[in-house]
Every structure is written in C-alpha cells, then in structure tokens.
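If you want the building blocks of each chain, they are given just below.
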Amino acid sequence: MLTLFIATGNTNKVQEIGATLNELGIKHIELVDFSAYPSYTPPQENGNTFAENAIIKAQAAALYSQKATLADDSGLEVLALNGAPGIFSARFAGAGHNDAANNAKLLTMLADTPAQNRQAAFVCVLALALPNRQFWLAKGRVEGIILETPRGEGGFGYDPLFYLPEYGLSMAELSQKEKNRISHRALALKKALPLINNLNNFNRNN
C-alpha cells in the first residue's frame, strides 16, 4: 500500500482528507501525519500566499520523509477585511490561541458590518510534492457569509461562522459527509485526484 504523508499536525484536517479521499474512491493509500515522524520539525511558513505556504510545507516534508507528501494551506478571506485573515487564519488571534479566540476576534472586527457586506470565502490550496522537489497544485474555493453568532457543533476553525446561503446552514451544521463533498478542501482534493491516483507511476519514474 502506498503511503502519503499529510504534512500537518491537525488531526481534523487528516480526518477530513481521509474521509474525502475515501468518498472519492481512493482506498489504496495509507495516510500518515506528523505523529509518524516525531523528530520532524516543520519549516517556517513565510510565504505570502496560500500556494507558497503549501509548497514550502509539502517540499520540506517530502524531502524529510522521502515519501509523496500532501500539504494544504487554507483559510478564510473576508471581503470587508480586505481578504483578512487570509494566510494568518489559524493564528488570527495570536500565537497559542484557539479557534474560539480566532472566531471572537473576527466577530469583534465585523461588529459594525451589516449582513449584506459580510461576504467571505474559504480557500484551500493543496500541494502534492515528491522527494525530488517536483510538485503540483490544486485549489478549492467556497463562497459564503459570516454570521453574527456561531451556529453548529461540527467542523472546526471558522466553520460555525461560515454560512452557506444555498444550504441555509453554517459549515458547522452540515453533516460530515456533506462537508466532505462541498468544502474548499474537498474541491481541491477532487482536482488533485488524478495526481493522487498516479502517485505509483510518479514514484516509478523518479
């Protein structure tokens, strides 16, 4: 069985990726994360875009593990905040703060913003890298609106605040199966599917 290194310590992301790949029919790949490489030190994410950070993470992890590696950089872009928090989504409230603190800061910054101006998008860029530094990118994007109060118990991150008008639900109110079908990460994974399916060929040719 082929092993794919998911370059993250976020177990929620690994579970989402695994469930989505399973839904897409990928059942022949074993996913491992940072827990499989306890001595690995992730690189500094000093890129200026989601794509740059995804590439940094994927290439460093692939070189260390000598395995095909998938890394994502994803986050929330809010129109009224000129695209913030963007690449700083996970640490919006500062280093060491959690999802609740990030959500609280976002709500504070949008306190005077009316509903019609609270448009936002979840963005995910996936980088699939090989140990020889080859890489490929796939992007997913989902449009929504930032709620005034959190809704739902599922998901993680900004999901309770991200409202999907076409569903009448927040991302956190979706079933896990539905989220794994329509999320920004799921859309990026669907685009990356041909690459993931061909990993055995890439490995034989490089």
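Residues numbered from 1 in each chain as written. Predicted model: local features only at pLDDT ≥ 70, side-chain atom pairs only at ≥ 80, totals over all residues. Heavy atoms only, no water.

Focus on helix α2 (residues 50-65)
And then number 1: Taking 1.5 Å as the rise per residue, α2 with 16 residues should run 22 Å; its terminal C-alpha atoms sit 22 Å apart, in good agreement.
And then number 2: Every buried residue of α2 is listed here: Phe-50, Asn-53, Ala-54, Ile-55, Lys-57, Ala-58, Gln-59, Ala-61, Ala-62 and Ser-65.
And then number 3: Of the surrounding secondary structure, the elements contacted by the buried residues of α2 are β1 (2-6), β3 (69-78), β4 (119-129) and β5 (135-146).
And then number 4: A positive phi of about 60° marks Gln-66, the residue just after α2. (Helix = DSSP H or I, 4+ residues; strand = E, 2+ residues; numbered from the N terminus. Expected span 1.5 Å × (residues − 1). Buried < 20%, exposed > 50% of the residue type's maximum accessible area, 1.4 Å probe, protein only. Contact = heavy atoms within 4.5 Å.)

A word on unusual backbone geometry
And then number 1: In this model, Ala-84 is joined to Pro-85 through a cis peptide bond whose omega is 0°.
And then number 2: As for its position among the elements, Pro-85 is in the loop between β3 and α3 (99-109).
And then number 3: A positive phi is found at Gln-66, a non-glycine position, where the angle reads about 60°.
And then number 4: By the element assignment, Gln-66 lies in the loop between α2 and β3.
And then number 5: A positive phi angle, close to 80°, is found at Arg-133, a residue other than glycine.
And then number 6: Its location among the elements puts Arg-133 in the loop between β4 and β5.

Re the sheet that holds β4
And then number 1: Strand order across the open sheet formed by seven strands is β2-β1-β3-β4-β5-β6-β7, with mixed pairing between neighbours. Either end of the sheet is taken by a strand with one partner, and the two such strands are β2 (29-32) and β7 (169-170).
And then number 2: Pairing of β3 with β4, which is carried by 10 bridges, proceeds in the antiparallel orientation. The partner of Val-78 across the bridge, within β4, is Ala-120.
And then number 3: Taken strand by strand, helix α1 (residues 11-23) contacts β1, β2 and β3, and its axis lies near 170° from that of β2.
And then number 4: Sheet contacts for α2: β1, β3, β4 and β5; angle to β3, the most-contacted strand, approximately 160°. (Pairing = 2+ DSSP bridges. Axes fitted to C-alpha atoms, helices over the stretch in contact; angles between N-to-C directions.)

What to know about the layout of surface pockets
And then number 1: If you add up the space inside the largest pocket, you get close to 700 Å³.
And then number 2: Forming the boundary of the largest pocket are 36 residues, of which Asn-10, Lys-13, Ser-74, Ala-90 and Phe-156 lie nearest the centre.
And then number 3: For the lining of the largest pocket, the elements supplying multiple residues, two or more each, are α1, α2, β3, α3 and α5 (184-197).
And then number 4: It is β3 that provides the largest number of residues to the lining of the largest pocket, a total of five residues.
And then number 5: Of the residues assigned to the lining of the largest pocket, the class counts are 13 nonpolar, 13 polar and 10 charged. (1 Å grid on protein atoms, 1.4 Å probe; cavity = no way out; pocket = protein on both sides within 12 Å on 5 of 7 lines; lining within 4 Å. Points joined across faces, edges and corners; volume = space filled by probe spheres on them. Nonpolar A, V, L, I, M, F, W, Y, C, P; charged D, E, K, R; others polar.)

Some thoughts on the packing of α1 against α5
And then number 1: Packing of α1 against α5 brings their axes to within 10 Å, and their N-to-C directions diverge by 60°. Accordingly, the angle class assigned to the pair α1 and α5 is oblique. Judged by the sense of rotation from one axis to the other, the crossing of α1 with α5 is right-handed. Only Arg-185, Ala-186, Leu-189 and Ile-196 of α5 make contact with α1, whose side of the interface consists of Lys-13, Glu-16, Ile-17, Thr-20 and Leu-21.
And then number 2: Split by residue class, the contact of α1 with α5 holds five nonpolar, one polar and three charged. (Parallel < 35°, antiparallel > 145°, perpendicular 65-115°, else oblique. Left-handed = near helix turned anticlockwise from the far one by under 90°.)

Examining α3
And then number 1: Of the positions making up α3, those classed as buried are Ala-101, Asn-102, Asn-103, Leu-106 and Leu-107.
And then number 2: Taken together, the buried residues of α3 touch β3 and β5.

A look at the packing of aromatic side chains
Here the distance between the centres and the angle between the planes together describe a pair of aromatic rings.
And then number 1: Considering all chains together, one arrives at seven aromatic pairs under this definition.
And then number 2: A network of ring pairs unites the aromatic residues Phe-5, Phe-34, Tyr-37, Tyr-40 and Tyr-64 as a single cluster.
And then number 3: Lying over the aromatic face of Phe-92, Lys-105 brings its terminal NZ or CZ to 4.5 Å of the ring centre. (Phe/Tyr/Trp six-rings, centres within 6.5 Å; stacked < 30°, edge-to-face > 60°. Lys NZ or Arg CZ within 6 Å of the ring centre and 35° of its normal.)

Observations regarding the side chain of Lys-57
And then number 1: Along the chain, Lys-57 falls in helix α2.
And then number 2: Ignoring anything within four residues of it in the chain, the contact list for Lys-57 reads Ala-7, Tyr-40, Pro-43, Glu-45, Ala-71, Asp-72 and Asp-73.

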